[in-house]
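Observations on the model geometry
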Amino acid sequence: TRKMILAMVSGGHVLLEGMPGLAKTRLANSIAHSISADFKRIQFTPDLMPSDIIGSMMYNQHTGQFSTRFGPIFTNILLADEINRAPAKVQSALLEAMQESQVTIGEETHHLGELFFAVATSNPIDQDGTFNLPLAQTDRFAIKIIIDYPAPADELRIIDELAGAAPAIHKKVASIADILRAREIAKGIYIDPKISEYIISLVCATRRPKEYGLDSLADYVEYGASPRATVWLATLARVRAFSRSRAFVSPDDVRYFATDVLAHRIGLNYLADTDSVSQIDVINEILKTIPQP
């Protein structure tokens, strides 16, 4: 939850990966309620069309004119549920919105507002009727968060809530204006040049492992993280420093988001699959090898 909120403050979008029933939808909905933001959910299916997301031009036979029908993407917080169940042309309908916070319908461009936060979910197990997210799409997400099964104590709380013993209450704790103001303040958080060099070293090590003393990874990495990883590592580190009431970024702020920012931007080859080496293994080795400033 904390990382999702920090991502929202940073202006980035989040990809959640986890098994069904882990309250991914409820998490996004709860965040929307906590800031009194508009929330909409789109269930991605193989027969979904781009116009079902962004909207379309409708012809009115009585007036002889076209009017714009706005899709569910026009909201503050959008949940794209099981995004990998829709084909690439539908997934790409989110690209312009996620990158530019605007949508083009017909010949007109419509802005989505100052706060637009996209949360997409995907199921890592099911393969039937799914489409892999292209790199151009996953790269748009600032972070990817892996949702695991809850601890036994947390599941006990779930039972209590279902029984009515401890009902969940969504309280407003901030406003959209507060989020936007925090975003502007976080932009002014100081990053020392050594921290910036540390960020660049972490990202470049995913591209050219040998140059950073990571010869053991060179045979596994097919491609490394894009420059967006550098931008989001710096941006999210600033936001975390702000959330900790600090006016400067520390190495811990960078490391806090390293896996979430880098993992979905690293491509591994068949040798990594054969040797059971994952993106997280690669990042952990990079974090151990690259010296902190």
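To be clear, the structure that these remarks concern was listed above.
Residues numbered from 1 in each chain as written. Predicted model: local features only at pLDDT ≥ 70, side-chain atom pairs only at ≥ 80, totals over all residues. Heavy atoms only, no water.

What follows covers the overall build of the protein. Across its full length, the protein carries 14 helices and 11 strands. Compactness check: the protein gives a C-alpha radius of gyration of 21 Å against a globular reference of 19 Å for 293 residues, within 12% of the reference. When its C-alpha atoms are laid out on the principal axes, the protein stretches across 70 × 45 × 40 Å. Per-residue burial for the protein yields a buried fraction of 45% across its 293 residues. When contacts within the protein are restricted to residue pairs at least 6 apart in sequence, those whose partners lie at least 24 apart make up 76%. Carbon and sulfur atoms form 52% of the exposed surface of the protein, whose accessible area is close to 15,200 Å². For the protein, the centre of its 29 positive side-chain charges and the centre of its 34 negative side-chain charges are spaced 6 Å apart. (Helix = DSSP H or I, 4+ residues; strand = E, 2+ residues; numbered from the N terminus. Rg over C-alpha atoms; globule rule 2.2 N^0.38 Å. Buried < 20%, exposed > 50% of the residue type's maximum accessible area, 1.4 Å probe, protein only. Contact = heavy atoms within 4.5 Å. Areas by Shrake-Rupley, 256 points an atom, 1.4 Å probe, with all protein chains shown as cover. Lys, Arg positive; Asp, Glu negative; His and termini not counted. Charge placed at Lys NZ, Arg CZ, Asp CG, Glu CD.)

Let us now look at helix H14 (residues 279-289). Of all the residues in H14, the buried ones are Val-282, Ile-283, Ile-286 and Leu-287. In an axial view of H14, the angular spread of the buried residues amounts to 130°, which keeps them on one side of the axis. (Arc of directions from axis to C-beta.)

By convention here, two paired aromatic rings are described through the distance between centres and the angle between planes. A complete count under the given rule lists two aromatic pairs for this structure. Measuring from ring centre to ring centre gives 4.8 Å for Phe-70 and Phe-74, while their planes differ by 75°; the resulting arrangement is edge-to-face. A residue is classified by how much of its surface remains accessible, and Phe-74, at 19% relative accessible area, is buried. Here Tyr-256 and Phe-257 contribute two aromatic rings whose centre-to-centre distance is 5.0 Å and whose plane-to-plane angle is 90°, an arrangement assigned as edge-to-face. Using a relative accessible area of 24% as the deciding quantity, one classes Tyr-256 as partly exposed. Look at Phe-257 and you get buried, because its relative accessible area is 0%. Above the plane of the ring of Tyr-256 lies Lys-3, whose end atom (NZ or CZ) is 4.9 Å from the centre. A cation over an aromatic ring shows up here: Arg-246 above the ring of Phe-248, its NZ or CZ 5.6 Å from the ring centre. (Phe/Tyr/Trp six-rings, centres within 6.5 Å; stacked < 30°, edge-to-face > 60°. Lys NZ or Arg CZ within 6 Å of the ring centre and 35° of its normal.)

Let us look at the layout of surface pockets. Approximately 310 Å³ is the volume found for the second largest pocket. Put simply, the parts of the chain that give the lining of the second largest pocket at least two residues each are helix H5 (95-100) and helix H11 (227-243). Here the element with the most residues in the lining of the second largest pocket is H11; it accounts for four residues. Its residues assigned to classes, the lining of the second largest pocket comprises four nonpolar, six polar and five charged. (1 Å grid on protein atoms, 1.4 Å probe; cavity = no way out; pocket = protein on both sides within 12 Å on 5 of 7 lines; lining within 4 Å. Points joined across faces, edges and corners; volume = space filled by probe spheres on them. Nonpolar A, V, L, I, M, F, W, Y, C, P; charged D, E, K, R; others polar.)

Take unusual backbone geometry next. A positive phi angle, near 55°, is found at Ser-101, a position not held by glycine. Looking at the element boundaries, Ser-101 is found in the loop between H5 and strand E6 (102-105). One non-glycine residue, Ser-276, adopts positive backbone phi at about 55°. Tracing the backbone shows Ser-276 in the loop between helix H13 (270-274) and H14.

Another aspect to go through is the sheet that holds strand E9 (residues 143-147). Neighbouring strands of a sheet are bound in pairs by backbone hydrogen bonds; such pairs are parallel or else antiparallel. Taken in spatial order, the five strands of this open sheet run E2-E5-E8-E1-E9, and their pairing is parallel. Every interior strand has two partners, whereas the edge strands, strand E2 (39-43) and E9, have only one. This sheet shows a mean twist of 20° between the axes of neighbouring strands, independent of strand direction. (Pairing = 2+ DSSP bridges. Axes fitted to C-alpha atoms, helices over the stretch in contact; angles between N-to-C directions.)

What follows is about the pattern of salt bridges. With the rule as written, the count across this model stands at 11 salt bridges. We note a salt bridge from Arg-240 to Asp-253, for which the minimum N-O separation is 2.8 Å. Of this pair, Arg-240 sits in helix H11 while Asp-253 sits in helix H12 (residues 251-262), placing them 13 residues apart in sequence. Just as Arg-240 is buried, Asp-253 falls in that class too. With its nearest N and O atoms 2.8 Å apart, the salt bridge here joins Arg-246 to Asp-253. Given the relative accessible area of 0%, Asp-253 is considered buried. The network of salt bridges with common partners includes Asp-139, Arg-228 and Arg-265. (Salt bridge = Lys/Arg side-chain N within 4 Å of Asp/Glu carboxyl O.)

These results come straight from atomic positions and should not be treated as a statement about function.
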